Amino acid sequence: TGSTRPQRMLKAVQKNATKGDPESVISAIDYYCRHKEWAMNVGDEKGLILDSVLTEVNPSTALELGTYCGYSTVRIARLLSPGSKLITVEFNPDFAAVARQIIAYAGLQDKVTLVEGPSGDLIPKMKERFGIKSFDFVFLDHWKDRYVPDTKLLEDCGLLRKGTVLLADNVICPGAPEYLKYVKNSAHYESQYYKSNLEYTKVEDGLEKSVFLG
Ligand SMILES: CCCNc1ncnc2c1ncn2[C@@H]1O[C@H](/C=C/CNC(=O)c2cc(-c3ccc(F)cc3)cc(O)c2O)[C@H](C)[C@H]1O
Ligand SMILES: [Mg+2]
């Protein structure tokens, strides 16, 4: 049986990146996905926006929904201050296995906890399992129709605090219309759209940053 796209992406990292160097892992994936085969990483262009929001928030606790191959996991973890933690949730075991290897290749395994399973089951367990009081930052990049239910679940589980920043990928392409409606019409969020392009293409896409007001 042949390899999968994530496995080929991992091979490209092992071949072209330097072990322990997150920047080289990010560049190797971006090069592979731009010139060899496209993949749904947040990418280099939207990645710069992710970097700037992260630098501004400087989260002690961060959550990512939808690890996939770990590209944005590496982008986030490389910017975390010492002692800060990123929990990333992925329910596909094959993707999780590739992501673990890419995160380890970047040398960021001590800053990242990859939890395998559906977000709907794991979010209610965050406090008891990982000792999380609340998240400072949440990156939403899983199935787009799950952004609203999981945001509501994070609220209901008391995992958001005044000032928590949610950053959602793909609000234009493929689109998350219900999510945009939800955060824009809610008095509990202050939202801002960051216009960009779909990873490795000229198609418009963007990130929506929403601050929870409590
Ligand atoms: C119970 C489920 C919910 N709970 C869950 N709990 C845990 N893990 C979950 C859950 N739901 C999903 N996941 C995991 O997250 C990942 C899923 C990521 C989904 N991302 C997209 O669909 C997308 C598409 C395009 C795109 C744009 C243009 C095109 F032409 C084609 C594609 C671009 C983009 O940037 C995109 O992020 C991973 C594959 C999947 O196993
Ligand atoms: Mg995405």
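Cut-offs and rules
Residues numbered from 1 in each chain as written. Chains lettered and ligands numbered in written order. Predicted model: local features only at pLDDT ≥ 70, side-chain atom pairs only at ≥ 80, totals over all residues. Heavy atoms only, no water. Core = buried A, V, L, I, M, F, W, Y, C linked by side-chain atoms within 4.5 Å. Buried < 20%, exposed > 50% of the residue type's maximum accessible area, 1.4 Å probe, protein only. Helix = DSSP H or I, 4+ residues; strand = E, 2+ residues; numbered from the N terminus. Contact = heavy atoms within 4.5 Å. Donors = N, O, S within 2.8 Å, 3.2 Å for Na, K, Ca; no water. Polar contact = N/O pair within 3.5 Å; in protein donor to acceptor, adjacent residues only side chain to side chain. Near = heavy atom within 4 Å. Areas by Shrake-Rupley, 256 points an atom, 1.4 Å probe, with all protein chains shown as cover.

> Help me understand the nonpolar core, please; the structure alone is not making it clear to me.
Core analysis: the largest hydrophobic core is formed by 43 residues, its most contacted members being Ile-29, Ile-102 and Phe-137. Residue assignment for this core shows that the elements contributing at least two residues are α1 (5–16), α2 (22–35), α3 (43–57), α4 (71–77), α5 (93–105), β3 (112–116), β4 (135–140) and β5 (160–168). Excluding anything up to four places from it in sequence, Ile-102 contacts Leu-10, Val-13, Val-25, Ile-29, Cys-69 and Val-74. Formed by 28 residues, the second largest nonpolar core is a distinct cluster that contains Val-171, Tyr-179, Tyr-182 and Val-183.

> Would you take a moment to explain the environment of Glu-190 for this structure?
For Glu-190, the location among the structural elements is in strand β6 (residues 189–197). Overall, Glu-190 belongs to the exposed group, its relative accessible area being 52%. Placed 20 residues apart in sequence, Glu-190 and Ser-210 show a C-alpha to C-alpha distance of 5.4 Å. Ignoring any residue separated from it by four or fewer positions in sequence, one finds Glu-190 in contact with Lys-209, Ser-210, Val-211 and Leu-213.

> Could you clarify how one ought to interpret the coordination of the magnesium ion (ligand 2) in this entry?
Tetrahedral coordination by four donors puts the ideal angle at the metal at 109.5 degrees, and octahedral coordination by six puts it at 90 or 180 degrees. Within the first shell, the magnesium ion (ligand 2) binds the protein through Asp-141 (OD), Asp-169 (OD) and Asn-170 (OD1), at distances of 2.0 to 2.2 Å. Spacing between the donor residues of the magnesium ion (ligand 2) along the chain follows D-x27-D-N. Of this pair, Asp-141 sits in the loop between β4 and α8 (147–156) while Asp-169 sits in the loop between β5 and α9 (171–175), placing them 28 residues apart in sequence. The buried category is assigned to Asp-141, whose relative accessible area is 14%. Since its relative accessible area comes to 0%, Asp-169 is described here as buried.

> Help me understand the environment of Tyr-147, please; the structure alone is not making it clear to me.
Structurally, the position occupied by Tyr-147 is in helix α8. Owing to a relative accessible area of 0%, Tyr-147 belongs among the buried residues under this scheme. Along the chain, Tyr-147 and Val-53 lie 94 residues apart, while their C-alpha atoms are 19 Å from each other. Not counting residues within four places of it along the chain, the set of residues in contact with Tyr-147 comprises Leu-140, Asp-141, His-142, Ala-168, Asp-169, Asn-170, Ala-176 and Tyr-179. Of note is the side chain of Tyr-147, whose polar atom sits 3.0 Å from the side chain of Lys-144.

> Teacher, can you tell me more about the environment of Lys-15 here?
Mapped onto the elements, Lys-15 comes out in helix α1. Note: C-alpha distance between Lys-15 and Ala-28 (13 residues apart in sequence) is 8.7 Å.

> How should the site of ligand 1 be read in this particular structure?
Taken together, 23 residues lie around ligand 1, and Glu-90, Ser-119, Asp-141, Asn-170 and Glu-199 are the ones closest in. Interatomic distance of 2.9 Å between a side-chain N/O atom of Lys-144 and an oxygen atom of ligand 1. At 3.2 Å from an oxygen atom of ligand 1 is found a side-chain nitrogen or oxygen belonging to Asp-169. Protein burial of ligand 1: of its 830 Å² of free accessible surface, 82% is covered by the chains. Elements with a minimum of two residues in the shell around ligand 1: β2 (85–90) and α9.

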